[in-house]
Amino acid sequence: MAFKVSAVFVLFLAVLTISCNAQSLKVGFYEKTCPNVEAIVKETTNTIFSRAPTLAAPILRMHFHDCFVRGCDGSVLLNATGNGQAEKNAIPNQSIRGFGSIDRVKSAVEKKCPGVVSCADILALAARDAVAFLNGPSWKVPLGRRDGRVSNFSEVLPNLPPPFFNITQLIASFAAKGLNSKDLVVLSGGHTIGTSHCTSFSNRLYNFTGRGDSDPSLDSEYVPRLMSKCRPGDQTTLAEMDPGSFKTFDEDYYTLVAKRRGLFTSDSALLDDNATKAYVRRHAISSQRSKFFEDFAVSMVKMGNIEVLTGNNGEIRRQCAFVN
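Residues numbered from 1 in each chain as written. Predicted model: local features only at pLDDT ≥ 70, side-chain atom pairs only at ≥ 80, totals over all residues. Heavy atoms only, no water.

Identification of the protein as Peroxidase from Penstemon davidsonii is taken from an unreviewed UniProt entry. The record held by UniProt for the protein lists under Function (unreviewed entry) the comment "Removal of H(2)O(2), oxidation of toxic reductants, biosynthesis and degradation of lignin, suberization, auxin catabolism, response to environmental stresses such as wounding, pathogen attack and oxidative stress." Entered under Catalytic activity (unreviewed entry) in the UniProt record, the comment concerning the protein runs "2 a phenolic donor + H2O2 = 2 a phenolic radical donor + 2 H2O". (UniProt positions renumbered as here; feature names shortened; annotations may be inferred.)

The next thing to look at is the nonpolar core. In this structure, Met62, Leu77, Ile102, Phe296 and Met303 are the most contacted members of the largest nonpolar core, which totals 71 residues. Of all the elements, helix H6 (residues 119–133) adds the most residues to this core, at nine residues. Sequence-distant contacts of methionine 303, defined by excluding residues within four places in its chain, comprise His63, Phe64, Cys67, Phe68, Cys72, Leu179 and Leu187. If you look at the next biggest cluster of nonpolar residues, it comprises 12 residues, including Leu226, Cys230, Ala239 and Met241. (Core = buried A, V, L, I, M, F, W, Y, C linked by side-chain atoms within 4.5 Å. Buried < 20%, exposed > 50% of the residue type's maximum accessible area, 1.4 Å probe, protein only. Helix = DSSP H or I, 4+ residues; strand = E, 2+ residues; numbered from the N terminus. Contact = heavy atoms within 4.5 Å.)

Okay, the packing of aromatic side chains next. Centre-to-centre distance and the angle between the planes together describe a pair of aromatic rings. A complete count under the given rule lists 15 aromatic pairs for this structure. For the ring pair phenylalanine 64 and phenylalanine 174, a centre distance of 6.3 Å and an interplane angle of 35 degrees mean the geometry is tilted. Here phenylalanine 64, found in helix H3 (residues 56–68), pairs with phenylalanine 174, found in helix H8 (residues 167–175); they are 110 residues apart in sequence, far enough to count as distant. For phenylalanine 174, a relative accessible area of 4% translates into the label buried. Where tyrosine 254 meets phenylalanine 292, the ring centres are 5.3 Å apart and the plane angle is 85 degrees; that geometry is what we call edge-to-face. With tyrosine 254 in helix H11 (residues 252–258) and phenylalanine 292 in helix H14 (residues 289–303), this pair connects stretches of sequence that are 38 residues apart. When its relative accessible area of 0% is taken as the criterion, tyrosine 254 is described as buried. Linked through ring pairs, Trp139, Phe249, Tyr253, Tyr254, Tyr279, Phe292, Phe293 and Phe296 together constitute an aromatic cluster. (Phe/Tyr/Trp six-rings, centres within 6.5 Å; stacked < 30°, edge-to-face > 60°.)

Moving on, we get to unusual backbone geometry. Leaving glycine out, the prevailing phi sign among residues is negative, and the prevailing peptide bond configuration is trans. Residues other than glycine seldom take positive phi values, yet asparagine 135 does so here, at roughly 70 degrees. Its place among the elements puts asparagine 135 in the loop between H6 and helix H7 (156–159). Residue glutamate 307 is not a glycine yet carries a positive backbone phi of 45 degrees. Looking at where glutamate 307 falls in the secondary structure, it is placed in the segment after H14. Judged by its relative accessible area of 30%, glutamate 307 falls in the partly exposed class.

Spelled out as structure tokens, the structure:
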């Protein structure tokens with residue numbers, strides 16, 4: 001009985017800590033110390049995306065990968081040190097592009113407001129602006145995050161849900177971060193933009209069960225098209241996650257998933273839960289773009305609150321790739 005009481009009390013403290021951290025973030029946090037920060041970030045990112053629009057999706061992905069490991073503390077941006085490898089060296093992060101873009105945004109902010117704005121906040125703003133640049137929604141980003149001082153290679157795989165997770169594993173992974181099944185299906189909609197290496201889904205195409213077959217949850221008429229793109233053992237080819245509109249943030253992703261044409265096992269898994277399946281089909285059958293955009297903004301703010309450092313915790317890095 002004592003253990004149960006203690007466990008509940010510890011859980012209460014953990015939830016209280018997360019809640020307090022989230023409440024410490026606020027829209028307009030830099031209103032007095034760096035009032036033009038959002039304009040600087042938007043102007044710089046738009047310049048970058050105008051020249052290289054395919055960098056927008058990786059910036060959104062980078063923010064997701066940052067928040068799921070150690071919380072939204074910019075730890076994914078840190079370089080490895082002599083003490084070991086960093087998060088960016090882990091397999092799921094090796095294919096992320098855009099670290100140099102975040103460094104460029106940070107430099108622009110530092111010129112106007114040295115030592116004031118965290119890299120974690122800059123990444124959160126850049127992710128929002130990346131979505132907006134590709135004709136997606138924009139939203140008010142609560143700010144006030146501090147940068148972490150630790151980036152550990154070994155913490156990535158246990159915390160970041162991989163593309164081969166089933167629906168039970170996905171829901172549990174999101175729940176561990178304070179996100180629910182609606183957040184899962186909504187944030188999965190981010191797969192409407194960007195590309196993926198064939199290695200992330202080729203197991204669904206070739207010898208899926210060891211009998212030379214393909215994943216039965218994947219549309220059999222779609223499989224040959226993917227095979228023509230991704231040959232066995234292909235390590236370099238990129239495939240569009242939302243063919244035809246991978247540079248436009250829209251709800252076409254849900255149409256693909258409903259047709260069993262989502263690239264990843266985790267995409268197909270959304271059809272294996274009543275709640276997530278209903279959301280997919282609702283947005284696949286009729287255009288509800290404004291509702292999806294509204295939902296996406298809400299879930300992004302929730303994700304941006306995961307285990308944040310605030311107050312005197314962490315630091316404000318001068319360079320995003322290095323601790324001070």
